[in-house]
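Residue-level listing of the chains:
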Amino acid sequence: MDNNSGAEKLVATIIEEARAEAAQKETEAAAAVAEIKRRLDEGRDEIKRDYAARAERVREDTVARALTNAELEARKSLLEKKRALMDRAFAEAYKRICTLPEDKRRALLLKLLLKECSGGETVHPAPREDMADVVAEAAEKLPGGLIMGEQDETVRNGFTVEGEGFYKDCSFTSVLEAERESCEPEVASLLFT
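Residues numbered from 1 in each chain as written. Predicted model: local features only at pLDDT ≥ 70, side-chain atom pairs only at ≥ 80, totals over all residues. Heavy atoms only, no water.

## Quick look at the packing of aromatic side chains
At step 1: Applying the stated criterion to the full structure yields zero aromatic pairs.
At step 2: Positioned over the ring face of Tyr51 is Arg54, at 5.2 Å from the centre of the ring. (Phe/Tyr/Trp six-rings, centres within 6.5 Å; stacked < 30°, edge-to-face > 60°. Lys NZ or Arg CZ within 6 Å of the ring centre and 35° of its normal.)

What follows is the structure, encoded as structure tokens:
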């Protein structure tokens, strides 16, 4: 039985070594699993941080775009309101010019004639303008005088001037439009700043 007991010891030793090796492998495997889990947790946390950072950048970009768009819309609305204010101001100026008392209207027409004519031109009044005496008065002040022409049906008020190689619309509408263009930057800077 000695052989048996030697074999049994050998088997017991092999089993014990196998168990020890299995326990060692189990410990190593548990450590490897723990390491893999740690890496996965780190990776998951890294992905979470990355997506959180991306989400924050997207949110910030969205908010910035929304603010920019809101500011642009507000400026656009303000500009429209200020432009409407300018339109009303020039419409009111036109209305007032058209309804000037006769003496002030004649003075305005004379001033326009002297400003726009240098002498020798033909003046074509609008159908509603009685300008014969105003043209005569301006003609006396200009070298070469002025010629009273036919009425110009294309203008509602004021007059047109025809000279050698040019034609100029001096209707109140055109004069105001030219004034608007020349003073618009100044008016805009007062209104828009």
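More follows now that the structure is in view.
## Remarks on the pattern of salt bridges
Close approach of charged atoms lets side chains of opposite charge pair.
At step 1: For the structure on display, the rule yields 16 salt bridges.
At step 2: The closest approach of N and O atoms between Asp41 and Arg44, which form a salt bridge, is 2.9 Å. Highlighted residues: Asp41 and Arg44, both in helix 1 (residues 2–98), separated by three residues, approximately one helical turn.
At step 3: Among the ionic pairs, Asp87 bridges to Arg180, the shortest N-O distance being 2.5 Å. Of this pair, Asp87 sits in helix 1 while Arg180 is found in helix 4 (residues 172–192), placing the two residues 93 residues apart along the sequence. (Salt bridge = Lys/Arg side-chain N within 4 Å of Asp/Glu carboxyl O. Helix = DSSP H or I, 4+ residues; strand = E, 2+ residues; numbered from the N terminus.)

## A word on the nonpolar core
At step 1: The biggest cluster of nonpolar side chains holds 18 residues, and the ones touching the most others in it are Leu113, Val123, Met131, Leu146 and Phe159.
At step 2: Of all elements in the fold, only helix 2 (102–116), helix 3 (132–141) and strand 3 (159–163) reach the threshold of two or more residues within this core. (Core = buried A, V, L, I, M, F, W, Y, C linked by side-chain atoms within 4.5 Å. Buried < 20%, exposed > 50% of the residue type's maximum accessible area, 1.4 Å probe, protein only.)

## Some details on the environment of Asp169
At step 1: Residue placement: Asp169 occurs in strand 4 (residues 166–170).
At step 2: Classification of Asp169 as partly exposed rests on a relative accessible area of 31%.
At step 3: Sequence separation between Asp169 and Arg57 is 112 residues, and the spatial gap between their C-alpha atoms is 59 Å.
At step 4: Here Asp169 is in contact with Val155, Phe159, Thr160 and Ser174, once residues within four sequence places are set aside.
At step 5: Separated by 2.8 Å, the side chain of Asp169 and the backbone nitrogen of Ser171 make a polar contact.
At step 6: In this structure the side chain of Asp169 is engaged in a polar contact, spanning 2.8 Å, whose partner is the side chain of Ser174. (Contact = heavy atoms within 4.5 Å. Polar contact = N/O pair within 3.5 Å; in protein donor to acceptor, adjacent residues only side chain to side chain.)

## A short note on helix 3
At step 1: Buried within helix 3 we find Val134, Val135, Ala138 and Ala139. Down the axis of helix 3, the sector holding all buried residues measures 135°, keeping them to one side.
At step 2: Buried residues along helix 3 sit in contact with helix 2, strand 1 (122–125) and strand 2 (147–148). (Arc of directions from axis to C-beta.)

## What to know about the environment of Arg128
At step 1: Note on placement: Arg128 falls in the loop between strand 1 and helix 3.
At step 2: Taking the C-alpha atoms as reference points, Arg128 and Pro185, separated by 57 residues in sequence, lie 33 Å from one another.
At step 3: Those residues within four positions of Arg128 in sequence are excluded, and the remaining contacts are Cys98, Arg105, Arg156 and Asn157.

## With respect to the pairing of strand 4
At step 1: Pairing of strand 3 with strand 4, which is carried by five bridges, proceeds in the antiparallel orientation. Each bridged residue has a counterpart across the sheet, and for Phe159 the counterpart in strand 4 is Cys170.
At step 2: Connecting strand 3 to the next strand, strand 4, in antiparallel fashion are two residues, including Gly165 with a positive phi near 85°. (Pairing = 2+ DSSP bridges.)

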